[in-house]
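These are the residues of each chain, in order.
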Amino acid sequence: MNDFKEKIVAIVPAAGIGSRMGADVPKQYLKIAGKPILSLTLQVLLTHPRIDRVILALHPQDNYFSSLPEARHPKLLSVVGGEERADSVLACLNRVDTGGWAMVHDAARPCLTHSDIDKLIDSRGLFPQGAILASPVRDTMKRGNKQGCIEQTVCREQLWHALTPQLFPLVSLRENLAKALELDVNITDEASAMEWAGIAPGLVTGRADNIKITHPDDLRLAELFLSQGE
């Protein structure tokens, strides 16, 4: 049986370069309202009272993080990340020598709220195997073909947008992620590693404003969401 009093470790893979933004710096260091995206993301996690530790995976040539005020936070540990997201997450997991729970969150999702973190943590009673924040698909879904035309309309019932954080028993996630990487399984997020191992993670409805910064227009949208507060 899982002990819900066990420690929760937040893991943030931030070793990517975010080339789709077309910027001179990795996207996690672009600024929203004068603050780097990564700072905003880390502040949400570091200030949450139920998160015991935050482990951040950085690119080996990262020259930016040390200048952020969060770099000196006593609750935070940084490690060298890997080539892919899954490698970075595993590098963080390998720095934890105990069990507990791992909460993995995208570095480029600064609009996460404490209330959504609480919802995910509280879901452990219903989903002891782990769960993710997700948003139900609201729009009509179309599947396209190689020519850029509509091939079919996809039923949106039971379709969800996967968000982060994603919360799993730490040892289980570490073992399944390591095995999947060893076998070259395509791992797109932590839930996909658990699914590959035959585990069905729970779905916890999260706020739709928990967006991931991927394109330049997302910066303005995130600034709007953040200005409205939780």
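First, a word on scope: everything that follows refers to the structure included in this document. (Residues numbered from 1 in each chain as written. Predicted model: local features only at pLDDT ≥ 70, side-chain atom pairs only at ≥ 80, totals over all residues. Heavy atoms only, no water.)

What follows concerns the packing of aromatic side chains. Evaluation of the coordinates by the stated rule reveals one aromatic pair. One Lys or Arg, Arg124, reaches over the ring of Trp101 and ends 5.3 Å from the middle of that ring. (Phe/Tyr/Trp six-rings, centres within 6.5 Å; stacked < 30°, edge-to-face > 60°. Lys NZ or Arg CZ within 6 Å of the ring centre and 35° of its normal.)

Attention now moves to helix α6 (residues 216-227). An ideal rise of 1.5 Å per residue puts 16 Å on twelve residues; α6 measures up with 18 Å between its terminal C-alpha atoms. The set of residues buried in α6 consists of Asp218, Leu219, Ala222 and Phe225. Axial view of α6: buried residues confined to an arc of 130°, hence all on one face. What points out from α6, more than 90 degrees from its buried face, is the exposed set Asp217, Arg220 and Ser227. Contacts from the buried residues of α6 go to β2 (31-32) and α1 (37-46). Downstream of α6 by one or two residues, Gly229 has phi in the positive range, about 70°. (Helix = DSSP H or I, 4+ residues; strand = E, 2+ residues; numbered from the N terminus. Expected span 1.5 Å × (residues − 1). Buried < 20%, exposed > 50% of the residue type's maximum accessible area, 1.4 Å probe, protein only. Arc of directions from axis to C-beta. Contact = heavy atoms within 4.5 Å.)

Counting residues in hydrophobic clusters, the biggest one holds 30 residues, and the most contacted among them are Leu38, Leu42, Val54 and Phe65. At the level of elements, β1 (8-14), α1, β4 (53-58), β6 (101-104), α3 (114-122), β7 (131-136) and β10 (160-169) are the ones that each hand at least two residues to this core. Sort the elements by how many residues they give to this core and α1 lands first, with five residues. With residues up to four places along the chain from it excluded, the contact list for Leu38 reads Val12, Ala14, Gln28, Tyr29, Leu56, Phe65, Leu68 and Ala107. Core analysis: the second largest hydrophobic core is formed by 25 residues, Ile55, Val89, Leu170 and Leu177 among them. (Core = buried A, V, L, I, M, F, W, Y, C linked by side-chain atoms within 4.5 Å.)

Sheet architecture is open: seven strands sit in the order β5-β4-β1-β6-β10-β7-β11, paired in mixed fashion. Looking at strand neighbours, the two that pair on one side only are β5 (76-80) and β11 (202-205), the edges of this open sheet. The sheet shows a mean angle of 30° between the axes of neighbouring strands, taken without regard to direction. In this sheet, β4 lies alongside β1 in parallel orientation, the contact comprising six bridges. Note on β4: the bridge partner recorded for Ile11 is Ile55. Against the sheet, helix α4 (residues 170-182) makes contact with β6 and β10, and its axis sits at roughly 110° relative to β10, the strand it touches most. (Pairing = 2+ DSSP bridges. Axes fitted to C-alpha atoms, helices over the stretch in contact; angles between N-to-C directions.)

Attention shifts here to the pattern of salt bridges. Counting across every chain of the model gives seven salt bridges. One salt bridge connects Glu190 with Arg85, and the closest N-O pair in it is separated by 2.8 Å. Of this pair, Glu190 sits in helix α5 (residues 190-196) while Arg85 sits in helix α2 (residues 85-93), and the two are 105 residues apart along the sequence. Taking relative accessible area as the criterion, Glu190 reaches 2% and is therefore assigned buried. Of the charged contacts in the structure, one is a salt bridge between Arg220 and Asp217, with a shortest N-O distance of 2.4 Å. (Salt bridge = Lys/Arg side-chain N within 4 Å of Asp/Glu carboxyl O.)

Nothing here speaks to function; it is geometry throughout.
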